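The chain contents come next:
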Amino acid sequence: MTELNALSDEAFRAEVRRFVESEYPAELRNPQHRLHWDQGRAWFEKVKAKGWVAPGWPREYGGMGLSASKQIILIEEYERHGVARLPDHGVIMLGPLLIRFGTEAQRQRFLPRILAGEDIWCQGYSEPGAGSDLASLRTEAVLDGDHYVVNGQKIWTTLATDANWIFCLVRTDKTVKKQEGISFLLIGMNSPGVTVRPIINLALHDEFCEVFFDNVRVPRENLVGEPNKGWSMAKALLGFERIFLGSPRQSGYALARLKMLAERMGVIDEPEFQDRYTRLRLDLEDHKALYETFVAVLRRGESLGPDVSMLKLHQAELFQRITELMLEVAGENAGLLEPMGGNRDLHPSGQFIEARPTTIYGGSSEIQRGILAKNVLELPG
Amino acid sequence: MSAALEQGAEERAESIRMIRDSAAGIAARGGDRKRIRALRFQAPGFDPAVLRQMGEQGWIGLRVPEEKGGAGLGMSEFCAVAEELGAALAPEPLVATALSAALLSAAGAERPLAGLLSGEKLVLTAWQEGPATLEAPGSADAPRLFIPVAGGADAFLVPVRQDRGLALRFQRREGADLTLDKTQDGGFYGTLRPLGGEVLAADVAEALDNALDEAALGTAAYLLGVMDQAFVLTLEYLRTRQQFGKPIGSFQALQHRAADLKIQIALSRASIDSAAALLDRAGAPRAARRAAVSRAKARASEAAMLVTKQAIQLHGGIGYTDEADIGLYLRKAMVLANQFGTAALHRRRFAAEAREDEV
C-alpha cells in the first residue's frame, strides 16, 4: 500500500474517487435501505483487496492508519458517490473499542476476522424498556464459574440477522448506581439460547431485529475492559457516531429528489415552491458550513464536545422537512406505496417514511435538545 | 329541504349522536386493527360485507333525497359518520360511494343508484385527469387517475365533455382498461382508460361540483377521526411508557407538544363542524360554501399530517415498526391529506372565494 498519509489531500481525494468510480457497483448507489451483508459482499471484497476495510485503525492492526483529515476525505468521497454502508459495526464500533480498551489476546482474536469479513458484528445496546434511558438496561450477565450466564432482550439491533457476533451492554451489578453496574460483553450469535427476530419497520423493510438471550453461556474472557466499566467505554465512542449522523449527505440527496419531483409535477417555477425550496437549500448550505466547523475539530485531532448534538438534530429535522415538502408537492402521488412510474428517484412516500426515524435513533431529538440545554448551555435542572 | 334538516337544534344533535353510535357499532373507534391489517395491500383492499352493512345503515345514500331512496340527511350527519369511520380506519369507501350516489341521483339513474345505495354494487366516479385538482375537464380519452378503492369497482361513472355540458357515462368494470397501484394505507388507486359507455345524463357539471365539495369535506371529517384516534393512542403511550423512572408524559417538552396537537385537533373539528352547518343551511351562497369547505380541508390535511407524524415521534422506536398500530394512522393520513384537494389547493381556493367580511 502506498503511504496514503504522505499524499496531498487533493491527490488522496482523487485516488478515492478513482477507486469508487471504477469499482463500486452502480446498482448499489444510494440504496433506499441499509444493505444486507450478502448484497454488499462483492463491494466488501474489493475494499478488502485494496486494504481499505478499516480507515481509522492503526496500521499494526491491519487498518489504514489514516489521519483524521484523510478519513474525512474518504467519507466525503464515499458519500458523494452514494456508497452504501455495509454492516460495519465491527469496523466502526468494536474495533476502536478493542484497540483502546481490549486485551492484546482479544485484539489478535477478533480484529483480523473483522478485516477478513469472517465476523459480522451487530450492536446490542437498546432494550424495550431502555431506549432514551439506555442506562436502565436490564439484560443481565451473572458469573457462573468461567462463564457469564446472560438473560434478557435487546431491540433495534441493526441487521442482527446478518451477524455472527454481537457486542452488548449487560448488567453485571444491580446494587450500584445504574451507570456503574454495566459491562461490555462479546457474545457469539450461534451460542445456544440466542434467538433473533426481525422487525418489519414502517418502510416495510427488515433492517432492525430483536435479539433474545435465554441462559446463554459466554466465556469470561469475552468481557472487554474491567467489569462494570462498560458504560463509560461505550460513551467514549459515541461522539464520533454523532458527526456521521450529522452529515449533510441525506438532506442533500433528498433535496435533489425534491427538485426532480417538483419538475415532474410542474411546480418548479411557482413562486411559492421556489421560496420554500430555496429556504431548504439555504438550510442545507448553512448546515454544510456548520458541519465543516465540526470536521475541522476532528482534522486538528481534537475530540468533539457535546455541541455536536446540534448537527445531528438539525440534519434530521432538515431531512424531514425536505421530505414533507415532497409529500405536499406530489398531490395524490404522495399516497402511492411504490415509486412513481417505477422511477426510484421519484418516491415521495418512501423518502418521507425513510426520514421518520432519524429524529428517533442515535439519540432522539428530545434527548439531543436535553444535551444541548444541560451540557452546552449549562441550564439548571 | 328534508325533514331531518328541519329539526330543532337539540333533536338534530341527538340524531347525530345516534348516527355516531350506530357507526361505532359497525366500525368501533380504534377497534379492530387486526381486520385492517388483514385487508391491506390485497385487492379489493376492503371487506364487501362491511360495505353492504354500510348500505343497510343508509350511509351510502345518507345525502340522497328520501324520494330517491336515500336518507335525506345533512352534511353534519355525513361528517359524523365519516369521522367515526376515520377513527376506525375503515377501508370501506364512504366518501367515494357518496360521490357516485350524488351523481346517479342527479342523473335520475334509478337502477345503478339502487345497487350502489344497498352496498351490493361499487360504482366509482372516474373524474380526475391530473394530480391535485378539483376540476373535471371531461376529456374523451385522457386516463382517469387516482380512483380510490378501484380494486373493488363494479362500474365507473366517467364525466365527458359534450356539446350540451359535462355528460355522465356509465362504464362497466368488465373489459375496462384498469390498472391498480397500491397505496400506503393498504388500498389501491385505479387508473382507467375511458372506453365510452351509456350516457346517463347530458350535464352533471353542477352536481359534480357540489359532490366534489362534499367529498372534500367528508375527507376532512375522516381525517379528523384519524388524527383524533392517533392522539388517543399517543396519550395512552405518554401515560404508560416509563423512561428515567417516570412516565414520559411527565416531561414538560412532551406535555407542551401534546397540548399543541390538541389545539390543532380542536381547530379541525370546529372548522369542519361550521362548514358542515353552512352547507346544511338553505340558501348559503356558493362562494361561501366553497370557502368553508376549503378552510376545513386545508386545516384537516395539515393537522392530520402533523398529529400522525408527531404520534410516531412520541412513540419513539416502537412507532417506526410496522407492527405498532400507530403507523396505520400515519399511512392513512398520507393518502387522504392530498385527496380531494391538497392543503395548498384549498388555501388558494379559499383566498379566491372568501369575502373578507366573512372571514
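Residues numbered from 1 in each chain as written. Chains lettered and ligands numbered in written order. Predicted model: local features only at pLDDT ≥ 70, side-chain atom pairs only at ≥ 80, totals over all residues.

### Comments concerning the interface of chain A and chain B
Moving on, step 1. Each side of the interface is counted separately: chain A has 27 residues, and chain B has 26 residues.
Moving on, step 2. For the side of chain A that touches chain B, the per-class residue count stands at 12 nonpolar, nine polar and six charged. (Contact = placed C-beta atoms within 7 Å. Nonpolar A, V, L, I, M, F, W, Y, C, P; charged D, E, K, R; others polar.)

### Brief notes about the pairing of strand S4 (residues 165–171) of chain A
All names here are of chain A.
Moving on, step 1. Most of S4 sits inside the fold, with seven of its seven residues counted as buried.
Moving on, step 2. Burial of S4 is two-sided: the residues Trp165, Phe167, Leu169 and Arg171 facing one way and the residues Ile166, Cys168 and Val170 facing the other way are all buried.
Moving on, step 3. Pairing of strand S1 (residues 121–124) with S4 involves four bridges; the strand directions are parallel. By the bridge assignment for S4, Gln123 is matched with Phe167.
Moving on, step 4. Relative to strand S5 (residues 182–188), S4 runs antiparallel, the two being bridged by seven bridges. Along S5, the bridge assignment pairs Phe167 with Leu186. (Buried ≥ 20, exposed ≤ 12 C-beta atoms within 10 Å, placed from the backbone. Helix = DSSP H or I, 4+ residues; strand = E, 2+ residues; numbered from the N terminus. Pairing = 2+ DSSP bridges.)

### Points about helix H5 (residues 104–115) of chain A
Along an α-helix, residues three or four positions apart point the same way, because every turn accommodates 3.6 residues.
Residue and element names in this part refer to chain A.
Moving on, step 1. The terminal C-alpha atoms of H5 lie 16 Å apart, and with 12 residues this matches the ideal 16 Å at 1.5 Å per residue to within 8%.
Moving on, step 2. Turning to H5, its buried residues number three or more, namely Gln106, Phe110, Leu111, Ile114 and Leu115. Along the axis of H5, the buried positions cluster into a sector of 130 degrees, meaning they face one direction only. Turned more than 90 degrees off the buried face of H5, the exposed positions are Ala105 and Gln108.
Moving on, step 3. Buried residues along H5 sit in contact with helix H4 (89–101) and strand S8 (223–224).
Moving on, step 4. Note on H5: the residue one or two positions beyond its end, Gly117, has a positive phi of about 75 degrees. (Expected span 1.5 Å × (residues − 1). Arc of directions from axis to C-beta.)

### Re helix H11 (residues 348–355) of chain A
Moving on, step 1. In terms of residue burial, H11 of chain A counts as a mostly covered element, since eight of its eight residues are buried.
Moving on, step 2. Those residues of H11 of chain A that fall on the buried side of the exposure criterion are Pro348, Ser349, Gly350, Gln351, Phe352, Ile353, Glu354 and Ala355 of chain A.
Moving on, step 3. Residues of H11 of chain A that are buried sit in contact with helix H8 (249–265) and helix H10 (309–330) of chain A together with helix H10 (326–336) of chain B.

### Considering the domain arrangement of chain A
Residues and elements named next belong to chain A.
Moving on, step 1. Each assigned domain of chain A is listed here: domain 1 (4–86), domain 2 (121–229) and domain 3 (237–376).
Moving on, step 2. Once you take the C-alpha centre of each, domain 1 and domain 3 turn out to be 23 Å apart.
Moving on, step 3. Each partner contributes to the interface: domain 1 provides six residues, whereas domain 3 provides nine residues.
Moving on, step 4. When grouped by side-chain class, the residues that make up the side of domain 1 that touches domain 3 number two nonpolar, three polar and one charged. (Domains from an automatic or database assignment.)

### Some details on the sheet that holds strand S6 (residues 188–193) of chain B
All names here are of chain B.
Moving on, step 1. The three strands are arranged S2-S6-S5 in an open sheet whose pairing can be described as antiparallel. Strands at the two margins of the open sheet, each flanked by one partner only, are strand S2 (144–148) and strand S5 (177–182). The sheet shows a mean angle of 30 degrees between the axes of neighbouring strands, taken without regard to direction.
Moving on, step 2. Inspection of the sheet shows S2 paired to S6 by three bridges, in the antiparallel sense. (Axes fitted to C-alpha atoms, helices over the stretch in contact; angles between N-to-C directions.)

### Overview of unusual backbone geometry
Moving on, step 1. Across the junction of Ala43 of chain B and Pro44 of chain B, the peptide omega takes the value 5 degrees, indicating a cis bond.
Moving on, step 2. Relative to the assigned elements, Pro44 of chain B resides in the loop between helix H2 (33–39) and helix H3 (48–56).
Moving on, step 3. Phi at Leu204 of chain A takes a positive value of approximately 60 degrees, unusual for a residue other than glycine.
Moving on, step 4. The topology assignment puts Leu204 of chain A in the loop between strand S6 (194–199) and strand S7 (208–219).
Moving on, step 5. Since 13 C-beta atoms lie within 10 Å of it, Leu204 of chain A is described here as partly exposed.
Moving on, step 6. A positive phi is found at Phe244 of chain B, a non-glycine position, where the angle reads about 55 degrees.

### Quick word on the nonpolar core
Residue and element names in this part refer to chain B.
Moving on, step 1. Within the largest apolar cluster, 141 residues are counted, with the highest numbers of intra-cluster contacts made by Leu103, Leu217 and Leu223.
Moving on, step 2. A per-element tally of this core places helix H7 (residues 205–240) first, with 17 residues.
Moving on, step 3. Once residues lying within four places of it in the same chain are set aside, the contact partners of Leu217 are Met75, Cys79, Ile272, Ala275, Ala276, Leu279, Val293, Ala296 and Lys297. (Core = buried A, V, L, I, M, F, W, Y, C linked by C-beta atoms within 7 Å.)

### Description of the sheet that holds strand S7 (residues 198–201) of chain B
Residue and element names in this part refer to chain B.
Moving on, step 1. Spatial ordering of the open sheet is given by S1-S3-S4-S7, a layout of four strands whose pairing is mixed. Edge positions in the sheet fall to strand S1 (123–125) and S7, since each of these pairs with one other strand and no more. Direction aside, the axes of adjacent strands within the sheet are offset by 35 degrees on average.
Moving on, step 2. Relative to strand S3 (residues 155–162), S1 runs parallel, the two sharing three bridges. Along S3, the bridge assignment pairs Leu124 with Phe156.
Moving on, step 3. Each of S1, S3, strand S4 (165–172) and S7 touches helix H5 (residues 95–107); the most contacted strand, S1, lies at about 90 degrees to it.

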